[in-house]
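Below, each chain spelled out in residue letters.
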Amino acid sequence: MRFAVLLALAVAGCASRWGDVHAPKTVVADEAGGAVTVNHGARLQIPLVNDPAGVYEWRRVEPQILRIVAEGPADAEGQYFTPVRSGDEKLRLEYRPVSGQGAAQRAVSYDITVPEVGTFSGMWDAITRPFARSPK
(Lines give C-alpha, C1' and ligand atoms only; values in the text may rest on other atoms or scores of the structure.)
Protein backbone atom coordinates (compact mmCIF):
# COMPACT_ATOMS: atom_id res chain seq x y z
CA MET A 1 0.00 0.00 0.00
CA ARG A 2 2.81 2.43 0.90
CA PHE A 3 4.49 1.70 -2.40
CA ALA A 4 1.31 2.61 -4.31
CA VAL A 5 1.02 5.91 -2.42
CA LEU A 6 4.70 6.75 -3.06
CA LEU A 7 4.35 5.85 -6.73
CA ALA A 8 1.25 8.05 -7.08
CA LEU A 9 3.06 10.99 -5.45
CA ALA A 10 6.10 10.52 -7.68
CA VAL A 11 3.98 10.44 -10.84
CA ALA A 12 2.02 13.51 -9.71
CA GLY A 13 5.27 15.35 -9.04
CA CYS A 14 6.57 14.55 -12.51
CA ALA A 15 3.35 15.71 -14.14
CA SER A 16 3.41 19.06 -12.39
CA ARG A 17 7.13 19.54 -12.97
CA TRP A 18 7.10 19.07 -16.73
CA GLY A 19 3.50 19.88 -17.58
CA ASP A 20 1.43 18.16 -20.22
CA VAL A 21 3.83 16.74 -22.79
CA HIS A 22 0.91 16.35 -25.22
CA ALA A 23 -0.20 19.99 -25.03
CA PRO A 24 0.24 21.88 -28.30
CA LYS A 25 3.32 24.05 -28.63
CA THR A 26 2.36 27.72 -28.38
CA VAL A 27 4.08 30.19 -30.70
CA VAL A 28 3.83 33.72 -29.28
CA ALA A 29 3.74 36.47 -31.90
CA ASP A 30 5.16 39.94 -31.35
CA GLU A 31 2.53 42.50 -30.34
CA ALA A 32 3.84 44.82 -33.07
CA GLY A 33 3.14 42.32 -35.86
CA GLY A 34 5.55 40.76 -38.36
CA ALA A 35 6.37 37.33 -39.75
CA VAL A 36 5.32 34.23 -37.79
CA THR A 37 5.59 30.52 -38.59
CA VAL A 38 3.22 28.13 -36.85
CA ASN A 39 3.22 24.40 -37.57
CA HIS A 40 0.23 22.11 -37.73
CA GLY A 41 -0.44 20.76 -34.25
CA ALA A 42 0.75 24.00 -32.63
CA ARG A 43 -1.18 27.15 -31.81
CA LEU A 44 -0.49 30.83 -32.26
CA GLN A 45 -0.93 33.37 -29.47
CA ILE A 46 -1.28 37.01 -30.46
CA PRO A 47 -0.87 38.98 -27.21
CA LEU A 48 -3.25 41.82 -28.05
CA VAL A 49 -5.33 42.66 -25.00
CA ASN A 50 -8.89 43.94 -25.25
CA ASP A 51 -10.20 47.04 -23.53
CA PRO A 52 -11.40 46.00 -20.04
CA ALA A 53 -14.29 48.48 -20.30
CA GLY A 54 -15.53 46.65 -23.39
CA VAL A 55 -15.66 49.74 -25.62
CA TYR A 56 -13.08 48.41 -28.15
CA GLU A 57 -12.24 44.96 -29.45
CA TRP A 58 -9.78 43.39 -31.88
CA ARG A 59 -11.44 42.33 -35.13
CA ARG A 60 -10.05 40.25 -37.95
CA VAL A 61 -10.15 42.36 -41.12
CA GLU A 62 -8.56 39.92 -43.54
CA PRO A 63 -8.13 37.34 -45.04
CA GLN A 64 -11.20 35.66 -46.44
CA ILE A 65 -9.52 32.25 -46.94
CA LEU A 66 -8.33 31.14 -43.54
CA ARG A 67 -5.08 29.30 -42.84
CA ILE A 68 -5.52 29.85 -39.10
CA VAL A 69 -8.77 29.97 -37.11
CA ALA A 70 -9.46 31.74 -33.82
CA GLU A 71 -9.89 29.35 -30.87
CA GLY A 72 -12.51 31.55 -29.24
CA PRO A 73 -12.80 35.08 -27.93
CA ALA A 74 -9.72 36.96 -26.78
CA ASP A 75 -8.85 36.69 -23.10
CA ALA A 76 -6.41 38.46 -20.77
CA GLU A 77 -3.45 36.84 -22.59
CA GLY A 78 -4.64 37.81 -26.08
CA GLN A 79 -6.09 35.76 -28.92
CA TYR A 80 -5.23 32.15 -29.77
CA PHE A 81 -5.33 30.70 -33.29
CA THR A 82 -4.98 27.15 -34.65
CA PRO A 83 -3.62 26.34 -38.14
CA VAL A 84 -6.09 24.52 -40.38
CA ARG A 85 -4.41 24.76 -43.82
CA SER A 86 -0.85 24.98 -45.07
CA GLY A 87 0.31 28.10 -46.87
CA ASP A 88 0.85 31.80 -46.32
CA GLU A 89 -1.62 34.47 -45.30
CA LYS A 90 -1.60 38.03 -44.14
CA LEU A 91 -3.57 38.34 -40.92
CA ARG A 92 -4.73 41.88 -40.30
CA LEU A 93 -6.43 42.87 -37.04
CA GLU A 94 -7.96 46.23 -36.17
CA TYR A 95 -8.85 47.60 -32.76
CA ARG A 96 -12.33 49.00 -33.34
CA PRO A 97 -15.28 50.19 -31.28
CA VAL A 98 -17.54 47.30 -30.28
CA SER A 99 -20.49 49.26 -31.65
CA GLY A 100 -19.03 49.01 -35.17
CA GLN A 101 -19.21 52.79 -35.47
CA GLY A 102 -16.00 54.80 -35.80
CA ALA A 103 -12.47 54.39 -37.03
CA ALA A 104 -9.97 51.79 -35.91
CA GLN A 105 -7.77 52.98 -33.05
CA ARG A 106 -4.95 50.65 -34.00
CA ALA A 107 -4.10 48.05 -36.64
CA VAL A 108 -1.54 45.25 -36.73
CA SER A 109 -0.56 42.80 -39.47
CA TYR A 110 1.09 39.39 -39.36
CA ASP A 111 2.55 37.41 -42.23
CA ILE A 112 1.60 33.89 -41.18
CA THR A 113 3.27 30.80 -42.64
CA VAL A 114 1.86 27.34 -41.99
CA PRO A 115 4.41 24.90 -43.48
CA GLU A 116 3.25 22.03 -45.67
CA VAL A 117 3.32 18.71 -43.89
CA GLY A 118 3.63 15.36 -45.53
CA THR A 119 3.69 11.90 -44.11
CA PHE A 120 7.45 11.62 -44.40
CA SER A 121 8.61 15.21 -44.96
CA GLY A 122 9.82 15.91 -41.42
CA MET A 123 11.30 12.44 -41.03
CA TRP A 124 13.09 12.68 -44.40
CA ASP A 125 14.59 16.07 -43.48
CA ALA A 126 15.85 14.69 -40.17
CA ILE A 127 17.44 11.68 -41.87
CA THR A 128 19.08 13.55 -44.77
CA ARG A 129 20.21 16.72 -42.93
CA PRO A 130 23.47 15.18 -41.61
CA PHE A 131 24.41 14.09 -45.15
CA ALA A 132 23.58 17.37 -46.89
CA ARG A 133 26.50 18.89 -48.77
CA SER A 134 27.34 22.51 -48.29
CA PRO A 135 27.52 24.64 -51.46
CA LYS A 136 31.00 24.98 -52.93
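The preceding data block contains the structure.
Residues numbered from 1 in each chain as written. Predicted model: local features only at pLDDT ≥ 70, side-chain atom pairs only at ≥ 80, totals over all residues. Heavy atoms only, no water.

> I'd love a proper account of the nonpolar core, names of residues and values included.
By size, the foremost hydrophobic cluster in this structure holds 18 residues, and its most contacted members are L44, I46, Y110 and I112. When contributions to this core are tallied by element, the ones reaching two or more residues are β3 (43-46), β7 (87-97) and β8 (106-114). Of the residues forming this core, the biggest block, four residues, is contributed by β8. When neighbours within four sequence positions are excluded, Y110 is seen to be in contact with A29, D30, E31, G33, G34, V36, I46, L48, E89, K90, L91 and L93. (Core = buried A, V, L, I, M, F, W, Y, C linked by side-chain atoms within 4.5 Å. Buried < 20%, exposed > 50% of the residue type's maximum accessible area, 1.4 Å probe, protein only. Helix = DSSP H or I, 4+ residues; strand = E, 2+ residues; numbered from the N terminus. Contact = heavy atoms within 4.5 Å.)

> Just give me the short version of the sheet that holds strand β1 (residues 26-28), but keep the residues and values in it.
Either a parallel or an antiparallel arrangement is found when strands of a sheet pair, and the pairing is made through backbone hydrogen bonds. The mixed open sheet is built from four strands, whose spatial order is β1-β3-β6-β5. With one partner strand each, in any of the chains shown, β1 and β5 (68-70) form the two edges of the open sheet. Geometrically, the sheet is characterised by an average inter-axis angle of 30° between neighbouring strands, direction not taken into account. The pairing of β1 with β3 spans three bridges and is parallel. Looking across to β3, one finds that T26 is bridged to R43. (Pairing = 2+ DSSP bridges. Axes fitted to C-alpha atoms, helices over the stretch in contact; angles between N-to-C directions.)

> An account of the environment of P63 is requested, with residue identities and associated values reported.
Mapping P63 onto the fold places it in the loop between β4 (56-62) and β5. Between the C-alpha atom of P63 and that of K90, which follows or precedes it by 27 residues, the distance is 6.6 Å. Setting aside anything within four residues of it in sequence, one finds P63 in contact with E89, K90 and L91.

> Any details on the pattern of salt bridges? Residues and values, ideally.
According to the stated counting rule, one finds seven salt bridges in the structure shown. Salt-bridge contacts for R43 lead to E71; the nearest nitrogen and oxygen are separated by 3.3 Å. One end of the pair, R43, is in strand β3; the other, E71, is in the loop between β5 and β6 (79-83), with 28 residues separating them in the sequence. Relative accessible area serves as the criterion here: at 23%, R43 is assigned to the partly exposed category. You can call E71 partly exposed: its relative accessible area is 41%. (Salt bridge = Lys/Arg side-chain N within 4 Å of Asp/Glu carboxyl O.)

> Report on the packing of aromatic side chains, specifying residues and quantitative values.
Throughout the structure, instances matching the rule amount to two aromatic pairs. Ring plane angle 25° and centroid distance 5.5 Å describe the contact between Y56 and Y95, whose orientation is recorded as stacked. Taken as a pair, Y56 in strand β4 and Y95 in strand β7 lie far apart in primary sequence, 39 residues in all. When its relative accessible area of 25% is taken as the criterion, Y56 is described as partly exposed. Where W58 meets Y95, the ring centres are 4.9 Å apart and the plane angle is 40°; that geometry is what we call tilted. Remark: Y95 occurs in strand β7 and W58 occurs in strand β4; sequence separation between them is 37 residues. As far as burial versus exposure is concerned, W58 and Y95 are alike and both buried. The ring centre of Y80 lies 3.9 Å from the NZ or CZ of R43, which sits over that ring. (Phe/Tyr/Trp six-rings, centres within 6.5 Å; stacked < 30°, edge-to-face > 60°. Lys NZ or Arg CZ within 6 Å of the ring centre and 35° of its normal.)

Read these as spatial facts, not as claims about activity.
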